Amino acid sequence: MNRVPMTLAGEATLKAELDRLKKVERPAIVKAIAEAREHGDLKENAEYHAAREQQGFCEGRIQEIEGKLADSQVIDISAIPESGKVIFGATATIINVDTDEEVTYQIVGEDEADVKVGKISITSPIARALIGKEVGDVVVVHAPSGNIEYEIDTVKHV
């Protein structure tokens, strides 16, 4: 079985969603189904069918989250001593060699990635180029728009 890397924050987010689904959403759906059943004929009862469909989505998401948590390898980046090398969970500030534009990314698992807040997936082209490199190294990112060179400015374990 392949273990999928995940940060502590990613694990906490999934666990919180799972807890909400099991303790809030699931009981609310069961209650909605019970109320819809009281309205009579189930064949033509739109409320009943909508609640059952919602139940299917909820149960599917619960199974998906449980599977992801079971297959995950949680990595606590703050417990790893800083070496200046880019590893999973590290936050790297990189500078575009051509434009001098500076950007900071944290390398996270696929489910946690959100470019808007500076989190990129371990499988993204930028992350693949950065992994294993050190501060001061120049890396070439093979992007759809062409090759882009970045210099690694800082690496932090936050």
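For the structure, check the block above.
So, here is what we can say about the structure in this document. These numbers were taken from a predicted model, which means no experiment stands behind them.

About the cut-offs
- Residues numbered from 1 in each chain as written.
- Predicted model: local features only at pLDDT ≥ 70, side-chain atom pairs only at ≥ 80, totals over all residues.
- Heavy atoms only, no water.
- Helix = DSSP H or I, 4+ residues; strand = E, 2+ residues; numbered from the N terminus.
- Rg over C-alpha atoms; globule rule 2.2 N^0.38 Å.
- Buried < 20%, exposed > 50% of the residue type's maximum accessible area, 1.4 Å probe, protein only.
- Contact = heavy atoms within 4.5 Å.
- Areas by Shrake-Rupley, 256 points an atom, 1.4 Å probe, with all protein chains shown as cover.
- Core = buried A, V, L, I, M, F, W, Y, C linked by side-chain atoms within 4.5 Å.
- Pairing = 2+ DSSP bridges.
- Axes fitted to C-alpha atoms, helices over the stretch in contact; angles between N-to-C directions.
- Expected span 1.5 Å × (residues − 1).
- Bend = angle between axes of the 7 residues up to and from the residue.
- Polar contact = N/O pair within 3.5 Å; in protein donor to acceptor, adjacent residues only side chain to side chain.

**With respect to the overall build of the protein**
Here's step 1: In terms of regular secondary structure, the protein is built from three helices and seven strands.
Here's step 2: When the helices and strands of the protein are read in sequence order from the N terminus, they spell out β-α-α-β-β-β-β-α-β-β.
Here's step 3: Relative to the 2.2 N^0.38 estimate, which gives 15 Å for 158 residues, the radius of gyration of the protein is 22 Å and therefore markedly larger than a compact globule would have.
Here's step 4: With the C-alpha coordinates aligned to their principal axes, the bounding extent of the protein is approximately 70 × 35 × 25 Å.
Here's step 5: Sorting the 158 residues of the protein into buried and exposed places 31% on the buried side.
Here's step 6: For the protein, the proportion of contacts with a sequence separation of at least 24, taken over those separated by at least 6, is 53%.
Here's step 7: Working note: accessible area of the protein is about 9700 Å², and carbon and sulfur atoms make up 51% of it.

**Comments concerning the nonpolar core**
Note on soluble globular proteins: their nonpolar side chains tend to be buried together.
Here's step 1: Ranked by size, the top nonpolar core spans 17 residues in total, and within it V86, I94, I107, I126, L130 and I152 carry the most contacts.
Here's step 2: At the level of secondary structure, the elements contributing two or more residues to this core comprise β3 (91-96), β4 (102-108), α3 (125-130), β6 (138-143) and β7 (146-156).
Here's step 3: Per-element tally for this core: the top contributor is α3, with four residues.
Here's step 4: Not counting residues within four places of it along the chain, the set of residues in contact with I152 comprises V86, T93, I94, L130, K133, E134, V135, G136, D137 and V139.

**A word on the sheet that holds β7**
Here's step 1: The strand order across the open sheet built from five strands is β5-β4-β3-β7-β6, with neighbouring strands paired in mixed fashion. Whereas interior strands pair on both sides, the edge strands pair on one side only; in this sheet they are β5 (119-121) and β6. Between one strand axis and the next, the sheet turns through 45° on average, direction left out of account.
Here's step 2: In the sheet, β4 pairs with β5 via three bridges, with the strands oriented parallel. Looking at the pairing, Q106 lines up with K119 of β5.

**Regarding the pairing of β3**
A regular strand carries its side chains on alternate faces of the sheet.
Here's step 1: Buried residues dominate β3, accounting for five of its six residues.
Here's step 2: By the bridge criterion, five bridges tie β3 to β4 in an arrangement that is antiparallel. By the bridge assignment, I94 is partnered in β4 with V103.
Here's step 3: Connecting β3 to the next strand, β4, in antiparallel fashion are five residues, including D100 with a positive phi near 60°.
Here's step 4: With six bridges joining them, β3 and β7 adopt antiparallel strand pairing. Within the sheet, the bridge partner assigned to N96 lies in β7 and is Y150.

**With respect to helix α1 (residues 8-37)**
Given 3.6 residues per turn, any residue in an α-helix points the same way as the ones three and four places further on.
Here's step 1: Relative to the 44 Å expected for 30 residues at 1.5 Å per residue, α1 spans 42 Å between its end C-alpha atoms, a close match to the ideal helical length.
Here's step 2: Most pronounced at L21, the bend in α1 amounts to some 35°.
Here's step 3: Taken together, the buried positions of α1 are occupied by G10, E11, L14, E17, L18, L21, I29, I33 and A36.
Here's step 4: Buried residues belonging to α1 abut β1 (4-7), α2 (46-71) and β2 (72-75).

**A look at the side chain of S72**
Here's step 1: Structurally, the position occupied by S72 is in strand β2.
Here's step 2: At 2.9 Å, the side chain of S72 forms a polar contact with the backbone oxygen of L69.
Here's step 3: For S72, the contacting residues outside a window of four places in its chain are R3, V4 and M6.

Any functional reading would require information that these geometric values do not contain.
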